[in-house]
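A structural walkthrough
Spelled out, the chains give:
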Amino acid sequence: MFAPFLPALRMLVVLSVLTGIAYPYLVTGIAQLAFPRAANGSLIMDNGKAVGSTFIGQPFDDPKYFWSRPSATAPQPYNAAASSGSNLGPRNPALVDAVKARIQALRDADPDNKAAVPVDLVTASGSGLDPQISVAAADFQAARVAKVRGLSVEKVRAMVADNTEPRSLGILGEPRVNVLALNRALDRAVP
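Below: a short report on this structure. (Residues numbered from 1 in each chain as written. Predicted model: local features only at pLDDT ≥ 70, side-chain atom pairs only at ≥ 80, totals over all residues. Heavy atoms only, no water.)

**Here's the deal with the pattern of salt bridges**
Applying the stated criterion to the full structure yields 7 salt bridges. The shortest N-O distance in the salt bridge between Asp46 and Arg184 comes to 3.9 Å. Pair noted here: Asp46 is in strand E1 (residues 43-46) and Arg184 is in helix H6 (residues 179-189), with a separation of 138 residues, a long-range link. (Salt bridge = Lys/Arg side-chain N within 4 Å of Asp/Glu carboxyl O. Helix = DSSP H or I, 4+ residues; strand = E, 2+ residues; numbered from the N terminus.)

This is the structure:
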């Protein structure tokens, strides 16, 4: 009675072991040997403690730090398990209110700054995880960070330049600044 089903059952077990156990372990092993840093999340370590990842942004709202691009992930910002944009269209009142609130927060943190606010400081990206901001966004915040930390604006802009990543492959995208790397450099310069 069950004889016709035995080959199918054996094939199910064999394929389950191959694709559910053997293949994932093989790929993980190769990744650990060939690309251990990337396979482990490209973590940034500080005194043996993970403080972030090269590829996942972090929220900063202290005026002594450069602020990241807003994140639309839930239930907390920069949740890599819930990567997504906000899905709010440009005419959605909720997006308009969120952008206005973000602009106000930037103005409150630096009332002397009358420059136009770069769009990447007030809108989330499609992934909600971006660890970088534009060079314009970093420049917009440089005077505030310099003033709070007691540094010259030129020194802070030099640190921004040191932490600016070039276009990918020299032609793709725009130069960008990794916010966590820049803020860590600031902390090393002025603990």
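Don't stop here, the text continues.
**Let's talk about the sheet that holds strand E3 (residues 132-134)**
The strand order across the open sheet built from 3 strands is E3-E5-E4, with neighbouring strands paired in antiparallel fashion. With one partner strand each, in any of the chains shown, E3 and strand E4 (164-165) form the two edges of the open sheet. On top of the sheet, H6 reaches E3 and strand E5 (176-178); it is set at about 60° to E5, its chief contact. (Pairing = 2+ DSSP bridges. Contact = heavy atoms within 4.5 Å. Axes fitted to C-alpha atoms, helices over the stretch in contact; angles between N-to-C directions.)

**Examining the packing of aromatic side chains**
One pass over the structure, following the stated rule, counts 1 aromatic pair. With a centroid separation of 5.4 Å and an interplanar angle of 45°, the aromatic rings of Phe60 and Tyr65 are classed as tilted. Each member of the pair Phe60 and Tyr65 is classed as buried. Taking NZ or CZ as reference, Arg144 lies 4.6 Å from the ring centre of Trp67, over its face. Taking NZ or CZ as reference, Arg149 lies 5.1 Å from the ring centre of Tyr65, over its face. (Phe/Tyr/Trp six-rings, centres within 6.5 Å; stacked < 30°, edge-to-face > 60°. Buried < 20%, exposed > 50% of the residue type's maximum accessible area, 1.4 Å probe, protein only. Lys NZ or Arg CZ within 6 Å of the ring centre and 35° of its normal.)

**Things to note about the nonpolar core**
In terms of nonpolar packing, the biggest core is built from 27 residues, with Phe66, Leu106, Leu121 and Ile133 touching the most fellow members. For this core, the secondary structure elements donating two or more residues are helix H3 (93-109), helix H4 (135-149), helix H5 (153-162) and H6. Here the element with the most residues in this core is H4; it accounts for 6 residues. Look past the residues within four positions of Leu121 in its chain and what remains in contact with it is Trp67, Ser68, Pro70, Arg102, Leu106, Ile133, Ala137, Phe140 and Gln141. (Core = buried A, V, L, I, M, F, W, Y, C linked by side-chain atoms within 4.5 Å.)

**Overview of H4**
Counted at 1.5 Å a residue, the expected span for H4 with its 15 residues is 21 Å, and the 20 Å between its end C-alpha atoms agrees. Its axis deflected by about 40° at Gln141, H4 carries its strongest bend there. Of the residues making up H4, those classed as buried are Ala137, Ala138, Phe140, Gln141, Ala142, Arg144, Val145, Ala146 and Arg149. Of the surrounding elements, those touching the buried residues of H4 are H3, E3, H5, E5 and H6. Phi turns positive, to about 75°, at Gly150, one or two residues after H4. (Expected span 1.5 Å × (residues − 1). Bend = angle between axes of the 7 residues up to and from the residue.)

**Some thoughts on the side chain of Ser42**
Mapping Ser42 onto the fold places it in the loop between helix H2 (36-39) and E1. A relative accessible area of 4% means that Ser42 is categorised as buried. With sequence-adjacent residues up to four places away left out, Ser42 is seen in contact with Arg37, Gly52, Ser53, Thr54 and Phe55.

**Concerning the environment of Gly85**
Tracing the chain through its elements places Gly85 in the loop between strand E2 (49-53) and H3. When the C-alpha positions of Gly85 and Pro131 are compared, they lie 14 Å apart, and in sequence the two are 46 residues distant. Among all residues touching Gly85, those that are not within four sequence positions of it are Ala72, Ser125 and Gly126.

**Structural notes on a nonpolar patch on the surface**
Among the surface-exposed residues, Leu6, Leu9, Leu12, Val13, Val17, Ile21 and Tyr25 lie close enough to one another that they form a single nonpolar patch of about 700 Å² accessible area. As for its position among the elements, Leu9 is in helix H1 (residues 6-34). (Patch = residues over 30% accessible without salt bridge, like charges linked within 9 Å, V, L, I, M, F, W, Y side chains within 5 Å. Areas by Shrake-Rupley, 256 points an atom, 1.4 Å probe, with all protein chains shown as cover.)

**A few points about unusual backbone geometry**
Of note, the bond from Ala74 into Pro75 is cis; its omega dihedral lies within 30 degrees of zero at 0°. Relative to the helices and strands, Pro75 is located in the loop between E2 and H3. In this structure, Tyr78 takes a positive phi of about 60° despite not being glycine. Mapped onto the elements of the fold, Tyr78 is located in the loop between E2 and H3. A relative accessible area of 10% places Tyr78 in the buried class. The backbone of Leu169 shows a phi angle near 55°, a positive value even though the residue is not glycine. As for its position among the elements, Leu169 is in the loop between E4 and E5. For Leu169, a relative accessible area of 77% puts it in the exposed group.

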